[in-house]
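# Descriptive structure summary
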Amino acid sequence: MEPFRCVSTALKRLPFNNTALKKLPVDDSEEPGSRTVPAACFSRIRTLQPLIRPTFVSLSRSALALLDLSERDVLSNPLAPEYLSGSRLLPGSEPAAHCYSGHQFGLFAGQLGDGAVMYLGEVESDTHGRWEIQVKGAGVTPYSRDGDGRKVLRSSIREFLCSEAMAALGIPSTRAASLVTSDLYVTRDPLNSGRRIPERCSVVLRLAPSFIRFGSFEIFLGRDDFSGLQGPSAGRHDIRAQLLDYVIETFYPYIQQTTSNRKDRNMAFFKEVMMQTAKLVAQWQCVGFCHGVLNTDNMSILGLTLDYGPFGFMDRFDPDFVCNNSDKRGRYSYQAQPSMCRWNLACLAEALGSELDAAEAGAVLDQFMPTYEAFYLCIMRKKLGLVGKEEPEDSELISDLLRLMHNTGADFTNTFRLLSRVPWPDEGHSGRATVEPVVDLILEQCASIEELKHFGEKAYQDNIELAMILSMAQTNPVMFGMVADRPAVSQQLELMGRLKELLETDQDELKKKQRDDWIRWVSQYRRRLARECDGTGDLSLIKKERLSVMNSTNPSVVLRNYIAENAIQAAENGDFSEVNALLKVLENPYSDAFAEPLDGPNACGEKEQNKRILTTAYNRKPPAWAQTICIT
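What comes next concerns the included structure. Keep in mind that this is a model prediction, so the values were computed, not measured.

What counts, and at which threshold
Residues numbered from 1 in each chain as written. Predicted model: local features only at pLDDT ≥ 70, side-chain atom pairs only at ≥ 80, totals over all residues. Heavy atoms only, no water. Helix = DSSP H or I, 4+ residues; strand = E, 2+ residues; numbered from the N terminus. Buried < 20%, exposed > 50% of the residue type's maximum accessible area, 1.4 Å probe, protein only. Contact = heavy atoms within 4.5 Å. Axes fitted to C-alpha atoms, helices over the stretch in contact; angles between N-to-C directions. Parallel < 35°, antiparallel > 145°, perpendicular 65-115°, else oblique. Left-handed = near helix turned anticlockwise from the far one by under 90°. Nonpolar A, V, L, I, M, F, W, Y, C, P; charged D, E, K, R; others polar. Pairing = 2+ DSSP bridges. Phe/Tyr/Trp six-rings, centres within 6.5 Å; stacked < 30°, edge-to-face > 60°. Lys NZ or Arg CZ within 6 Å of the ring centre and 35° of its normal. Salt bridge = Lys/Arg side-chain N within 4 Å of Asp/Glu carboxyl O. Patch = residues over 30% accessible without salt bridge, like charges linked within 9 Å, V, L, I, M, F, W, Y side chains within 5 Å. Areas by Shrake-Rupley, 256 points an atom, 1.4 Å probe, with all protein chains shown as cover. Lys, Arg positive; Asp, Glu negative; His and termini not counted. Charge placed at Lys NZ, Arg CZ, Asp CG, Glu CD. Expected span 1.5 Å × (residues − 1).

The number of helices and strands found in the protein is 22 helices and 13 strands. A total of 632 residues make up the protein; the buried ones form 54% of that total. Sequence-distant contacts in the protein: of pairs separated by 6 or more residues, those separated by 24 or more amount to 73%.

Another point: the packing of helix 8 (residues 262-287) against helix 11 (residues 368-383). Axis separation between helix 8 and helix 11 bottoms out at 8 Å; the angle between their running directions is 40°. Taken together, the axes of helix 8 and helix 11 are oblique relative to one another. Relative to helix 11, the crossing made by helix 8 is right-handed. Contacts between helix 8 and helix 11 involve M274, M275, T277, A278, K279, V281, A282, Q283, Q285 and C286 on the former and, on the latter, F368, T371, Y372, F375, Y376, I379, M380 and K383. Classifying every residue of the contact of helix 8 with helix 11 by side-chain character gives 12 nonpolar, 4 polar and 2 charged.

With respect to the helices, strands and loops of the structure, S178 is situated in strand 10 (residues 175-188). Ignoring sequence-local partners within four residues, the contact set of S178 consists of F56, S58, L59, L84, F160, V203, V204 and L205.

Right, let's get into the pairing of strand 3 (residues 55-59). With respect to burial, strand 3 is a largely interior element, 4 of its 5 residues being buried. Note: strand 3 against strand 10, 4 bridges, orientation antiparallel. When the sheet's bridge partners are listed, F56 is paired in strand 10 with V180.

Moving on, we get to the packing of aromatic side chains. All told, the structure shown has 17 aromatic pairs when counted by the stated rule. Between F317 and Y334 the ring centres are 6.0 Å apart and the planes differ by 85°, which places this aromatic pair in the edge-to-face class. Within this pair, whereas F317 is found in the loop between strand 13 (312-313) and helix 9 (337-352), its partner Y334 is found in the loop between strand 13 and helix 9, the two being separated by 17 residues in sequence. In terms of burial, F317 and Y334 fall into one category: buried. Through a chain of ring-to-ring contacts, three or more aromatic side chains come together here, namely W284, F289, Y308, F311 and F313. We note R213 situated over the ring of Y100; from NZ or CZ to the ring centre the distance is 4.4 Å. Against the face of F416 rests K383, its NZ or CZ located 4.5 Å from the ring centre.

Here we come to the pattern of salt bridges. Applying the stated criterion to the full structure yields 40 salt bridges. With a shortest N-O distance of 2.8 Å, R188 and D148 are connected by a salt bridge. Of this pair, R188 sits in strand 10 while D148 is found in the loop between strand 8 (129-136) and strand 9 (151-152), placing the two residues 40 residues apart along the sequence. We classify R188 as buried; its relative accessible area is 19%. By relative accessible area, D148 is classed as partly exposed at 31%. For the salt bridge of R520 with D517, the shortest nitrogen-to-oxygen distance reads 2.7 Å. Taken as a pair, R520 and D517 lie in helix 19 (residues 507-530) at a separation of 3 residues, close to a single helical turn. Among the residues examined, R520 registers a relative accessible area of 51% and is labelled exposed. Exposure remark for D517: the relative accessible area of 18% places this residue in the buried category. Several salt bridges share partner residues, and in doing so they unite R381, E390, E391, D394, R528, R531 and E532 into one network.

To continue, consider unusual backbone geometry. Excluding glycine, residues mostly carry a negative phi; peptide bonds, for their part, are mostly trans. Residue A39 is not a glycine yet carries a positive backbone phi of 60°. With respect to the helices, strands and loops of the structure, A39 is situated in the loop between strand 1 (26-27) and strand 2 (42-44). Take A39: its relative accessible area is 30%, and that puts it in the partly exposed class. Of note in this structure, R53 is not a glycine but carries a positive phi near 45°. Along the chain, R53 falls in the loop between strand 2 and strand 3. Residue R53 is classed as exposed on the basis of its relative accessible area, which comes to 60%.

Here strand 5 (residues 101-104) runs beside strand 6 (residues 107-111); their pairing, made up of 3 bridges, is antiparallel. What sits directly across from H103, in strand 6, is F108.

A cluster of acidic residues, E501, D506, D508 and E509, forms a negative patch at the surface. When you line up the elements, D506 lands in the loop between helix 18 (487-504) and helix 19.

Moving on to the environment of F217. Looking at the secondary structure, you find F217 in the loop between strand 11 (197-208) and helix 6 (237-251). Spatially, the C-alpha atoms of F217 and T296 are 9.9 Å apart, while their sequence positions differ by 79 residues. Apart from the residues lying within four places of it in its own chain, the contact partners of F217 are I212, R240, L243, L244, V247, I301, L348, A351 and L352.

Before going further, it helps to spend a moment on helix 8. Here helix 8 is 26 residues long and its end C-alpha atoms lie 38 Å apart, about the 38 Å a rise of 1.5 Å per residue gives. The positive-phi residue at the C-terminal boundary of helix 8 is G288, with phi of around 75°.

Attention shifts here to the packing of helix 5 (residues 153-169) against helix 21 (residues 561-572). One can describe the packing of helix 5 onto helix 21 by two numbers: an axis separation of 10 Å at closest approach and a directional angle of 130°. Compared by their axis directions, helix 5 and helix 21 come out oblique. Like other packed secondary-structure pairs, helix 5 and helix 21 cross with a definite hand, here right-handed. Contacts between helix 5 and helix 21 pair L153, R154, I157 and R158 from the former with N561, A567, I568, A571 and E572 from the latter. Residues of the contact of helix 5 with helix 21, tallied by class, amount to 5 nonpolar, 1 polar and 3 charged.

Here it is in structure tokens:
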């Protein structure tokens, strides 16, 4: 990115109004190093830790615009890389770090806090409201524990790109305005192999209305029975009330204005957080996004996707998909995400304690799964173009599709994108020949028989739960008989049966079965489409709306791990062009402009015209080497 000749002073004129530091208790201690911080929600950072020769890797124009900044405003200021990396103090900013606790992988971990993040302040935009700005990777804070407070280029690229990708998908997320790297190095072990390598220190400038999270309220918890740890402000219910007042008054003012007493207000707030969380995880599930570390300290109180670490978008659909290589037991697998969000909400209710009515809070928690399922079904209907009416059987149609995608190893993103090509069920076009062309396209997005066997064998080998079940069947058949019909056990036995079928069935026979299964489902889907028109509406408008809704709900491109890895490898060799090219693609995820044509007839049965010749196609299924990518 080339700098502009005229120097802008826009960064020096950002209108800071650091409300959080005015309304919440702040630790002013000058004691250096990590420490327990009682009775405070923030700790001031007294000394900046500058990067060496910071330079921009990429800027997000849309995120900068939230601060009323343009790319020109930033690039024309030679000090901008220092300002936006926490290496130089922005006028009006007040560096601090946020104190929070959290349940990590189910266990209370005591004090956590911003160990590598520095709050700079809150900027009030005339057009976009208030935005808290942070720099992630700017050095040690009182909450760094044994860490160095730094982030490397590899992880920073992933966070920067995914923040902007999620926003473009229409999924609530924190934003990333800039990415800066430097000539300062730290050593890391990226593969957890015991081999540390030097990596460039890098910083992401993050934006959100607030970064307060569930764990922010857990600093008031007393000693935990299992971990033996407690929050740094255990028992300080006065500060808890202060934090709760600040959150509701600032970010949920309509609740503050429409409730008459404190308990009713707090219950309305908790219910709203439940609904925002249910909607968020439904949106994740519908694009195949897996967060990877759904601890309570990574759950936004505003229903935003927060803290991008070992996240992953599914390639091949697998409900047991785990994107975090450290999550050996699959606690945060794709299919577990809704129940984990509910579990985290229960932790939030516990942390709020007497601020909530316990029975009412329990009733709100009971509403979570039905609320999630309603949001999920609503989005899934749009993904199938079912916009005219709702039918009870729609849920079964969706479940059948996902089961078939799993059994055939279908690519999640590309399969849904292809469904808009399923021909409308016009009269006289109901036979196999009508659906075979689109089924052929879908089968191209499915795993090969060899890949399915490999995936199945690997899942079998890595499955601790299945190994325990099989051991029980051999050593204690009576006990096995008592548990065999339980859903979890039945699911594991179904997995084993599927693998057995793969290994024993003739390949040609299996291919024929998969083809027949897809033809059967597509035919079932077309019968459902036929019921969208009740005979009174304009059929051409119904068809048009179907395609419009599907193509604006099923993305063409998501941030697949191998695509991110390509950009990372280029950047680590000094070439930032792929990061910037990829950002442009991810900012338009529903466009086919940067996607390889999936070929074949479209939904009207016509051949695509003017196929593009692309140097890079961002929607291809992952290459074989992508299986070796290790994200922890």
